[in-house]
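Fold and contact review
What follows is each chain in one-letter form.
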Amino acid sequence: MEKSTSIDNTTLLRDFNEAQPNQEWSPFICCGPSHLPTFKVSLYLNGSLFDGCGSSKKRAKKNAIMNYISSSMNYNANSKTNNNIESDKAVLKRKHTDNLMENNPPSKKFSIKSQDDSIENSISKKLAIDSQVAVHQISAVCILNEIFPGQTLTYEHEQSHGLLETISVIVSGNKYIGYGKNKKEAKEIACRNALKSLYESQPINNIKYKNQIEMLLTDYSDSKIIDHFAGITDKIYQKLEFTENKFKEYSVIASIIKMTKEDLNSAQVICLATGTKCLSGNYLSLIGESLHDCHAEILTRRCLMKYFYKELMESVKGHPSIFISDDNKSKFKLAKDITFHLYINTVPCGEARVYSFSDTEHQLNRLNRGLLRSKIENGAGTVSVFGREYQTYDGVAQGERLVTMSCSDKLTRWTVLGLQGNLLSNFVEPIYLESISIGSMFNINHMKRTIYGRVENSINKLPQDYKVQKPQLRGYSILPCRSTTQSPHCINWIINEGIEIIKGSLGRTIENKLSRVCKTSLANEYIKLCIASNNLSTLIENETNIFYDSLKKKNKNYVAAKNELISTFKSLNFGTWVHKPEELKSFELHIVNASNNIIYNQNNQSC
């Protein structure tokens, strides 16, 4: 009975561990796209370094060992110690033969002798192939130093307030940034980025490392964009002025970036936010004055809506704007070639985060994939929405914990309904994200399923102009350092409008004022726009008072698209979207003398 003659990974590792008890291993480095990762590791033995890489950690270790064996064979090719190398080979042969004996007992008349040549040829071939793969797979730091032997490379520990360490390397006067879960990893990634950038501009004439550098280039286009987005986001953030350092610390940061003609040089951060926990049920507002969700990506999108209102107002006044008038539909549309991109330094909470780096293809299709999940007041992480299909105000008042839908599910919602929200849909067509870039914990399969995959083939009754957008997804699979504490404060910044500091549990600013992006503030921006554009039909008919929930019911197409999405989730047994209590949506707004002076709920603080 014929058996495979390949060397078993586990057997090789076990034999090597028994023979070399003084071995030392470096931490693993993961590179490449998340759906096809490459793990790298270094073996320290007898004063020498042997590198290995592979599609798994075990394979990377095995290749490092094979690199060691191959190196030893080459070193001893013309010496008396060649017998020892042959004995290493013999050990592998003996172990493999033992495996064959176990699987083919003598009663089956299995001839070991007849297999000697094939075993030896297989082992020799395996050693040759694996040594080619493993040899030269040394760190980017070493490659960079060898390629520029006369140049002193300068490394700097850049300031970082997030989950990842930041290291820069200066080569030929240019700075290259690297992010990692520790300084060593960040330094390695900075050097990789330097090699990729240098090779892209002028191929490095070094045959020894050519294949390895070209392998790094496979994901360079995506990593270059992520690094650029992260860099311009951090540049804005570092320039912000804080009255106290405690306001500057964060775990998650998100930004929305505007680009023109897909030109990376045109990339401009429009708004950004850092995140914290959600609102405490004790501070719910019946008049729309509290921010319910203070996670970074949610705040950033609300800031973008505020930016849209400002740009629409500029367009109404005839000033330069990202919007132009669409006379055929009595609406506005984005100027040609303008796109918006979301950057988050780590994967959003919920469905996109609920996975293990060791997931197999079979595990990718487990029954609990795709479920709607929610954040719970004072809780960590997210939980399935089953059993929490609705909330009541009196229930929360009596101690029931407030439930908020996860960021992953909200991103899915934006993928279908757009970034502009309900009210702005009266003025603009749906505006979708062109791309989403994730700084860590990225897995392409889980992100695709989360953002659009779980609904794209089931949702089919969307109104005109609405669709299932498929933004380009890119990211790093770096596992960030765990954050032991989370700041109670978060900030949001809008271009040309400065920063605002929010206390997450209150949903208001640290001065106990209304946030510029709370429901009431944005509703008033909408009323101002309606008055300025003489588009009062979307407001009221013969009244001076309006209610927030009435405003949101007027846009039939948006409501229909939202209901179709929610119905799709439910029909797929993913759960029911949990809405906030109805009492929070029925607050009243006032229009005074048809002017831009908006007054609401007479005794409340104005924005």
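A brief structural summary. (Residues numbered from 1 in each chain as written. Predicted model: local features only at pLDDT ≥ 70, side-chain atom pairs only at ≥ 80, totals over all residues. Heavy atoms only, no water.)

1. Examining the sheet that holds strand β5 (residues 154-158)
Strand order in the open sheet formed by three strands is β5-β6-β7, with antiparallel pairing between adjacent strands. Bordering the open sheet on either side are β5 and β7 (174-180), each of which pairs with just one other strand. Across the sheet, the mean angle separating the axes of adjacent strands is 25 degrees when strand polarity is ignored. Bridge count for strand β6 (residues 165-171) against β7 is seven bridges, and the pairing is antiparallel. Within β7, the residue paired with V171 across the bridge is N174. In the packing of helix α6 (residues 183-201) onto the sheet, the strands contacted are β5, β6 and β7, and the crossing angle to β7 comes to about 135 degrees. (Pairing = 2+ DSSP bridges. Helix = DSSP H or I, 4+ residues; strand = E, 2+ residues; numbered from the N terminus. Axes fitted to C-alpha atoms, helices over the stretch in contact; angles between N-to-C directions. Contact = heavy atoms within 4.5 Å.)

2. A word on the packing of helix α9 (residues 296-316) against helix α11 (residues 407-417)
Running from N to C, α9 and α11 point in directions that differ by 35 degrees, and their axes come no closer than 9 Å. Between α9 and α11, the residues in contact are E297, I298 and R301 and C407, K410 and W414, respectively. Residues that form the contact of α9 with α11 fall into these classes: three nonpolar, no polar and three charged. (Nonpolar A, V, L, I, M, F, W, Y, C, P; charged D, E, K, R; others polar.)

3. What about the nonpolar core?
Core analysis: the largest hydrophobic core is formed by 114 residues, its most contacted members being F229, L304, Y307, F308, F340, I436 and M447. Element by element, the count of residues in this core is highest for α9, at 10 residues. In this view, L304 contacts I256, I270, C271, F340 and L419; residues no more than four positions away in its chain are not counted. Listed in part, the 18 residues of the second largest apolar core include A140, V171, A194 and Y209. (Core = buried A, V, L, I, M, F, W, Y, C linked by side-chain atoms within 4.5 Å. Buried < 20%, exposed > 50% of the residue type's maximum accessible area, 1.4 Å probe, protein only.)

4. Concerning the sheet that holds strand β14 (residues 382-384)
As summarised here, the arrangement of the three strands in space is β14-β13-β15, forming an open sheet in which the pairing is antiparallel. Two strands bound the open sheet, and with one partner strand each, they are β14 and β15 (403-405). Neighbouring strand axes in the sheet, compared pairwise and without regard to direction, differ in orientation by 45 degrees on average. One ladder, built from three bridges, connects strand β13 (residues 373-376) with β14; its direction is antiparallel. Looking at the pairing, R373 lines up with S384 of β14.

5. Considering the pattern of salt bridges
Tallied over the full model, the rule gives 14 salt bridges. Notably, a salt bridge pairs E156 with K175, separated by 3.7 Å at the nearest N-O pair. Linking E156 in strand β5 with K175 in strand β7, this pair joins segments that are 19 residues apart in sequence. E156 gets classed as partly exposed once you look at its relative accessible area, which sits at 33%. By relative accessible area, K175 is classed as partly exposed at 44%. The residue D222 makes a salt bridge to R474 at a minimum N-O spacing of 3.7 Å. In this pair, D222 is assigned in helix α8 (residues 220-239) and R474 in strand β17 (residues 472-475), connecting sequence segments 252 residues apart. Shared partners join several salt bridges into a network, and the residues in it are E156, E158 and K175. (Salt bridge = Lys/Arg side-chain N within 4 Å of Asp/Glu carboxyl O.)

By themselves, these figures tell us nothing about what the structure is for.
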